[in-house]
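Observations on the three-dimensional arrangement
Below, each chain spelled out in residue letters.
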Amino acid sequence: MAAQPPAEMRAIVDFALAHGLADSSKVPGRASIEDLAKIPEGASMRTAALGLALVSVIGILAAQQRGHAEQEVAQQSDQGVTSREFTLSADPTVKVLHIAYIPVTSRRETHLSLFGDGRFLVETTDRKGNVLEQASTNFSFGETRALVDLALSHGLADSTSAEIMAKVKETLPAGEGGASLPDDAGTVIIALELEEYVHGSERTSPFSTQVALGEPKILHLIAPSIDEVTGFVKLSERLLPIRKQLLEGGSN
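Residues numbered from 1 in each chain as written. Predicted model: local features only at pLDDT ≥ 70, side-chain atom pairs only at ≥ 80, totals over all residues. Heavy atoms only, no water.

1. Regarding the environment of Arg 107
- By secondary structure assignment, the location of Arg 107 is in the loop between β2 (95–102) and β3 (109–115).
- By relative accessible area, which is 67% here, Arg 107 ends up exposed.
- For Arg 107 and Thr 125, which are 18 residues apart along the polypeptide, the C-alpha to C-alpha distance reads 8.3 Å.
- Once residues within four sequence positions are removed from consideration, Arg 107 is found in contact with Thr 125, Asp 126 and Arg 127. (Helix = DSSP H or I, 4+ residues; strand = E, 2+ residues; numbered from the N terminus. Buried < 20%, exposed > 50% of the residue type's maximum accessible area, 1.4 Å probe, protein only. Contact = heavy atoms within 4.5 Å.)

2. Overview of the sheet that holds strand β5 (residues 131–138)
- In space, the 6 strands of this open sheet follow the order β5-β4-β3-β2-β6-β9, with antiparallel pairing throughout. At either end of the open sheet lies a strand with only one pairing partner, and these are β5 and β9 (207–214). Averaged over all adjacent pairs, the angle separating strand axes in this sheet is 10 degrees, with direction ignored.
- Both β2 and strand β6 (residues 187–194) contribute to a ladder of 6 bridges, which runs antiparallel. In the strand pairing of β6, Ile 102 is matched with Thr 187.
- This element, helix α4 (residues 141–153), spans β2, β3 and β6 of the sheet and lies at about 115 degrees to β6.
- Helix-sheet contacts for helix α7 (residues 227–249) involve β2, β3, β4 (119–125), β5, β6 and β9, and the interaxial angle to β4 is about 85 degrees. (Pairing = 2+ DSSP bridges. Axes fitted to C-alpha atoms, helices over the stretch in contact; angles between N-to-C directions.)

3. Here we look at the nonpolar core
- Leu 97 and Ile 99 are the most contacted members of the largest nonpolar core, which has 38 residues in total.
- If you list the elements that add at least two residues to this core, you get β2, β3, β4, α4, α5 (161–170), β6, β9 and α7. (Core = buried A, V, L, I, M, F, W, Y, C linked by side-chain atoms within 4.5 Å.)

4. With respect to the pattern of salt bridges
- Evaluated as defined, the whole model comprises 6 salt bridges.
- A salt bridge links Glu 228 to Lys 167; the shortest N-O distance between them is 2.6 Å. Here Lys 167 lies in helix α5 and Glu 228 lies in helix α7, a separation of 61 residues in the sequence.
- Owing to a relative accessible area of 32%, Lys 167 belongs among the partly exposed residues under this scheme.
- Put simply, Glu 196 and Arg 203 hold a salt bridge, and the shortest N to O gap is 3.1 Å.
- What makes Arg 203 exposed here is its relative accessible area of 57%. (Salt bridge = Lys/Arg side-chain N within 4 Å of Asp/Glu carboxyl O.)

In structure tokens, the structure reads:
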């Protein structure tokens, strides 16, 4: 196809803009009688034809895009995928995420606290809550949000401890009474506190929850398909190395 003269190209573009090509609600593939009245004065029949064709093509593309979007939403609905949104508190005293490691045989507990302002505090305490060692660092807003999102994306705000364990037991072979944990298994507790949490059509403000599991790493070996258990493991994998670096570096 030969290149269009600049003046004629401008006429085509002007014609297209006059038709509100950004309006995806236009009936696809249609150029109406009213369209003819919007042809720039003095435009050639060739320009008019090209303009009308352009309107029709973009209308078709817009319809296809809407169709793909609607299909994706429908597929997510069929698969049980629901949207999650949340608002973090900016209060420097609010623990938006807190993880506690409570061993059975040791008298030392590990606490990881992420505050609304991004401060990340790691503490080792005795059973009475006395701080034995402590260090801290600061995360960006994006890092703070990503950590909370990691917990939420694995369903830790939507399940109770009992519900998670029931899912684990369902994965066991027939006849197994339950997940087998060693006698000295410790407990990991994850708590979330948000200014607002929206899950599907449910909106809760403020929102707080807490779930506890015995030895999530062992449970993950037993039932690797359980998303909530994976969330426990991923959070630990992300944050425990940072704790180690902070305590070894002597940060306060």
